[in-house]
Amino acid sequence: MTLGLLTTLWLTLAGPALAQDDEAAIETVTGGVAVPKAALPAGLPGSQAPDTLDHAARLDALAGPLDVDAALLHESWRGVELLYLRRYKDGKAHFDAMTTRWPQSGVGPAGNALLYQGMMMENFDFKWERQYTTHSNQAVQTLQAALKTPGAEPWERFLLGMMMGVESIHKMRKTDYFPALSRGLEAMEHLSVAQKLAPGFIDAQLGDGLYLYWRSVVTLSHKALPSFGDARPQGIQMMQNVERDGVFLSPGATLGLAFTWIEERDTARALEACQKNRRRYPDNVINNLVASRVHLSRRELTLSLKLLDEVLEDAPDNERAHYYYATVYLRMGRLDDAERALDKYLSFNLEPDQRAQALYRKGDVALRRERFAEARGLYEQSAALGYKPATEKLSRLPGLERAAAAR
């Protein structure tokens with residue numbers, strides 16, 4: 001159960017970093033593995049994200065079931081909205097003020113932890129790890145202490161579940177798999193309690209919805225894993241419930257569903273989900289990177305490039321965009337532009353898996369130019385960093401070279 005949740009949360013926030021950009025299955029978990037599409041009900045609607053939402057009324061209605069001050073919920077939402085809007089400086093000031101006003105609630109440090117994690121997720125790096133860890137630890141310690149006193153347990157459990165889930169993603173990104181699984185288990189336990197104590201708090205359903213869908217995807221695509229049946233329709237329904245009726249996590253559910261529709265090879269619905277979030281949060285870098293990848297998979301290359309241009313306008317220091325530029329240019333046959341983009345990307349201080357991907361793509365550029373020795377060297381460097389597609393390409397390279405010589 002925990003592994004399915006971790007896989008999904010990681011994909012939702014950082015899926016583009018894991019994608020191998022294969023022509024057949026950009027951004028999917030199953031890649032080239034044949035998994036039938038989910039048996040969805042006829043007439044299933046697309047995105048359930050509301051165009052407008054009366055957050056004030058919903059927050060007031062939740063104050064009683066969550067056993068918290070309505071003002072705390074309103075201020076929590078304002079802080080989360082600043083993060084979705086990518087107004088990080090304002091968000092930091094807001095959550096610092098919440099720490100002063102509600103020091104025992106844990107909301108302030110939790111919000112700041114999410115802020116720094118979001119900044120790292122935009123670029124798939126660890127540049128703000130010290131700040132993230134400080135605020136995350138403070139949030140967890142404060143919330144654990146708060147649970148020892150009566151009141152607000154559903155809300156505190158929800159926040160703890162969220163913090164443990166984010167920490168599990170962070171551990172997974174650093175390949176600390178066993179600690180990641182442990183944190184994921186704790187996240188599910190806290191969210192389960194929150195859901196039982198406050199059934200009307202729809203946001204807490206997102207974990208189960210993600211888990212049901214992605215557990216099915218992973219087990220259906222690997223024969224060695226035990227079968228749990230196909231719960232993808234139920235998972236999608238729960239995610240759509242949060243998208244429609246959630247308050248804090250509605251945009252997150254929309255982005256999660258974008259990855260769901262990508263996995264289902266339904267790029268029209270994936271694009272609809274990204275566009276829903278884009279209308280409300282046009283400067284959200286993570287959403288725009290995903291939308292760019294969806295356009296690429298639909299061969300809408302000019303639109304893909306346009307979104308990457310916007311990403312660099314909003315976040316000039318973003319590094320990952322340069323890798324994505326290269327993949328689009330490669331698809332266009334603009335090999336010089338692709339190579340320049342990859343050289344720019346490789347000039348950064350990259351994680352090993354990112355460097356491996358870039359070297360692999362640079363090998364593809366050399367291969368398209370029929371510079372086979374150069375391509376082999378680049379694929380070998382990539383394979384040495386553990387990138388499996390590079391190993392597979394190396395095995396095919398002699399045949400490709402013979403075919404070229406025979407022309």
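Residues numbered from 1 in each chain as written. Predicted model: local features only at pLDDT ≥ 70, side-chain atom pairs only at ≥ 80, totals over all residues. Heavy atoms only, no water.

### Some words on the packing of helix α10 (residues 232-245) against helix α11 (residues 250-263)
At step 1: Between α10 and α11, whose axes approach to 8 Å, the crossing angle comes to 145°. Relative to α11, the crossing made by α10 is left-handed. Residues Ile236, Met239, Gln240, Val242 and Glu243 of α10 pack against Ser250, Ala253, Thr254, Leu257, Thr260 and Trp261 of α11.
At step 2: Classifying every residue of the contact of α10 with α11 gives six nonpolar, four polar and one charged. (Axes fitted to C-alpha atoms, helices over the stretch in contact; angles between N-to-C directions. Helix = DSSP H or I, 4+ residues; strand = E, 2+ residues; numbered from the N terminus. Left-handed = near helix turned anticlockwise from the far one by under 90°. Contact = heavy atoms within 4.5 Å. Nonpolar A, V, L, I, M, F, W, Y, C, P; charged D, E, K, R; others polar.)

### Looking at the side chain of asparagine 112
At step 1: Within the element layout of this structure, asparagine 112 appears in helix α5 (residues 107-123).
At step 2: With near-sequence residues (within four places) excluded, asparagine 112 lies in contact with Gly91, Lys92, Phe95, Asp96 and His135.

### Let's talk about the packing of aromatic side chains
At step 1: The tally for this structure, following the rule as stated, stands at 13 aromatic pairs.
At step 2: Look at phenylalanine 158 and phenylalanine 201: their rings are 4.8 Å apart centre to centre, the planes differ by 70°, and that puts the pair in the edge-to-face class. Pair noted here: phenylalanine 158 is in helix α7 (residues 153-173) and phenylalanine 201 is in the loop between α8 (177-197) and α9 (206-220), with a separation of 43 residues, a long-range link. Here phenylalanine 158 and phenylalanine 201 have matching classes, each one buried.
At step 3: Here the guanidinium or amino end of arginine 173 rests over the ring plane of phenylalanine 126, the centre of that ring lying 4.2 Å away.
At step 4: Its guanidinium or amino end placed over the ring of tryptophan 261, arginine 269 lies 4.9 Å from that ring's centre, counting from NZ or CZ. (Phe/Tyr/Trp six-rings, centres within 6.5 Å; stacked < 30°, edge-to-face > 60°. Buried < 20%, exposed > 50% of the residue type's maximum accessible area, 1.4 Å probe, protein only. Lys NZ or Arg CZ within 6 Å of the ring centre and 35° of its normal.)

### Some words on α7
Note that an α-helix has 3.6 residues per turn; residues three or four places apart therefore point the same way.
At step 1: Helix length check: α7, at 21 residues, gives a terminal C-alpha distance of 30 Å against a target of 30 Å (1.5 Å per residue), a fit within 8%.
At step 2: Counted residue by residue, α7 has 17 buried out of 21 residues, so it is predominantly covered.
At step 3: The positive-phi residue at the C-terminal boundary of α7 is threonine 175, with phi of around 60°. (Expected span 1.5 Å × (residues − 1).)

### As for the nonpolar core
Nonpolar side chains in soluble globular proteins tend to be buried together.
At step 1: Leu66, Leu73, Trp155, Phe158, Phe201 and Phe248 are the most contacted members of the largest nonpolar core, which has 72 residues in total.
At step 2: For phenylalanine 201, the residues in contact, after removing those within four places along its chain, are Leu62, Leu66, Trp155, Phe158 and Phe248.
At step 3: Core analysis: the second largest hydrophobic core is formed by 41 residues, Leu305, Ala315, Ala341 and Phe348 among them. (Core = buried A, V, L, I, M, F, W, Y, C linked by side-chain atoms within 4.5 Å.)

### Describing helix α14 (residues 301-314)
At step 1: The end-to-end C-alpha distance of α14 is 20 Å, a good match for the 20 Å that 14 residues give at a rise of 1.5 Å each.
At step 2: Considered for burial, the residues of α14 that qualify are Leu301, Ser304, Leu305, Leu307, Leu308, Glu310, Val311 and Leu312.
At step 3: The inward-facing, buried residues of α14 contact α12 (267-280), α13 (285-297) and α15 (320-332).

### Details of the side chain of threonine 327
At step 1: Counting through the fold element by element, threonine 327 comes out in helix α15.
At step 2: Accessibility expressed as a relative area gives 7% for threonine 327, which makes it buried.
At step 3: At 2.9 Å, the side chain of threonine 327 forms a polar contact with the side chain of arginine 293.
At step 4: There is a polar contact of 2.8 Å between the side chain of threonine 327 and the backbone oxygen of tyrosine 324. (Polar contact = N/O pair within 3.5 Å; in protein donor to acceptor, adjacent residues only side chain to side chain.)

### Some words on the environment of tyrosine 324
At step 1: Position of tyrosine 324 relative to the elements: it lies in helix α15.
At step 2: As a C-alpha pair, tyrosine 324 and leucine 308 span 16 residues in sequence and 7.8 Å in three-dimensional space.

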